[in-house]
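Chain by chain, the residues:
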Amino acid sequence: MPVDNAPATNALNLLNGIDYGAVIGAPLQAAITAQAMAAKSTWEFIQEVGLQTDENGNKSAVNVTFSYQKDGEIVKLIVPILTIVPIPAIVVTDIEIAFKANINASASQSSQTSETTDVGGELSGGAKAGWGPFSINANFKANYSSKKDSKATQDSQYSVEYTQDVRVKAAQAGVPAGLATVLNILSNAATGASLDGDLMVSPPLVNLDLDNPQDTSLFSIKLVDSNGLNIKGADVTIKAGEIKPTLALRNMGVQEHHLYSLNEEYSITEAIQIGLAPLGTILNWEKGEIHTKSGNDGKVNLIVSLTANSSKKLPPSGVFELIILASIGKKMQESTLPFKVNIPEPQKLVELLKSDVNGTIKIKPDGQDKKEIILTLTDSESNPVERREIEGILPDHSKLKITPPNQKTQANGQASFTIEWDKNKLSTGETPDSETVTFKAPSDGRTEPKPVSIKVEADGQVQSPNAALPQTQGYTLSLVDTTSGEIVPVTPPSQTVEDTNQ
């Protein structure tokens, strides 16, 4: 009997009929769908938690604002919330699909045939014949039996088993490049803000060089409110005010005696000019002040340079400050900006020169004779030095007098003094034959001028102020009666007659 291959053929057909696209593609499609849902959840989180929409539909970052103490002051910290909370960003990293198909097919076939044949004979009959004394009697009988059995069986069995394992791994995704850029911008936007707003000036120090007439320097003023937002169109005032012993100036080595009043001693408004950057449009000083406004970014960008005659208007130390004023909210804010002008050292010290005095003068000690001294202060190139104070110094217990005791040089570098013997001191003690007067210009921080000494001699004998007065003792004063013409004697009382010449 031939073997039946139909079961194997059917099993093979079942295996080939499996839809592998669905078996593998369905889990992948499910993973992609899950990834899209995760991305949507991330976007919804950013929209609902990190952003807010105003009435015009404009979106802005949600900030967390709180106050804290810094450097002895209460300030505010403004931080975008997206930078301090974790953003859910789930990504499918691995998908593993394991598929197993098990098909069992079996067939059995059997055939059985059996055959039985039975043959039997029996003879019997009756016949009677006789031939003579003989007679024959015969009986005849016959039977035949045949049996055949046939049996055939055929059995087919099929067993189909499918097994599919899908493993999916997911993790917190790395921050996308675009979101990283946004978060970096927001992180940089985190800032502290004063409760009253801030007036900020930068850089902390402006440097200029007197030797370079084209030298310029930039500085900026920025205004922010209590929320850290730029203040647009705010009024800003720049003025030259009193120099104060600030920490910035002390760090630059400026001593207390170098501080001065700009309005009285020096004209900073004539020494520097300020313009708007970058074009350099000059802002005019008006009564010692400059007025301007902040831009859309809350800033005022300025460019500063020295004027042509700045060397004569600057303080000798080259250090000064500008005062910046701006109204923020309901409060006037003030800040200072120190300047340092590099002034070259002169080739030699400034000298104090005499004009018409050759070292010695003579003055009569009568309390009336006076001598005028004209002193001239020049630099190393014989240029007059103005607004420098010159002081007249007398020796201890001197009986001379200098008027005025100190004086500032004029535009021609000159200062005049008057020297005389002090009439109030001539009558007490002995008067020396000569004394020496010293004129000195105190140091301005750059130079130490050479002092000038003048010897004053007493011209003639020193006398008491009362020595030339007439003596009243021994004289008789008479009164005449105008009616009778008689002389009435009068004895004068004991008193000192005043010298009318003094």
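The following refers to the structure shown. (Residues numbered from 1 in each chain as written. Predicted model: local features only at pLDDT ≥ 70, side-chain atom pairs only at ≥ 80, totals over all residues. Heavy atoms only, no water.)

The next subject is the sheet that holds strand β21 (residues 360-363). Spatial ordering of the open sheet is given by β21-β28-β27-β23-β25, a layout of five strands whose pairing is mixed. For this open sheet the edge positions go to β21 and β25 (406-408), each flanked by a neighbour on one side alone. On average, each strand axis in the sheet is tilted by 25° relative to the strand beside it, whichever way the strands run. (Pairing = 2+ DSSP bridges. Helix = DSSP H or I, 4+ residues; strand = E, 2+ residues; numbered from the N terminus. Axes fitted to C-alpha atoms, helices over the stretch in contact; angles between N-to-C directions.)

Moving on, we get to the side chain of threonine 42. Within the secondary structure layout, threonine 42 lies in helix α2 (residues 20-50). With near-sequence residues (within four places) excluded, threonine 42 lies in contact with Ile87, Pro88 and Ala89. (Contact = heavy atoms within 4.5 Å.)

Quick look at the packing of aromatic side chains now. Using the criterion set out here, one finds three aromatic pairs in the structure. Seen from their ring centres, phenylalanine 219 and phenylalanine 339 are 6.1 Å apart, and the 85° between their planes marks the pair as edge-to-face. Linking phenylalanine 219 in strand β12 (residues 216-224) with phenylalanine 339 in strand β19 (residues 331-342), this pair joins segments that are 120 residues apart in sequence. Pair check on accessibility: phenylalanine 219 and phenylalanine 339 agree, each one buried. Centre to centre, the rings of phenylalanine 320 and phenylalanine 339 are 5.0 Å apart; their planes meet at 10°, and the pair counts as stacked. Placement of the pair is phenylalanine 320 in strand β18 (residues 319-328) and phenylalanine 339 in strand β19, with a sequence separation of 19 residues. Side by side, phenylalanine 320 and phenylalanine 339 carry an identical accessibility label, which is buried. What links up through ring pairs into an aromatic cluster is the set Phe219, Phe320 and Phe339. (Phe/Tyr/Trp six-rings, centres within 6.5 Å; stacked < 30°, edge-to-face > 60°. Buried < 20%, exposed > 50% of the residue type's maximum accessible area, 1.4 Å probe, protein only.)

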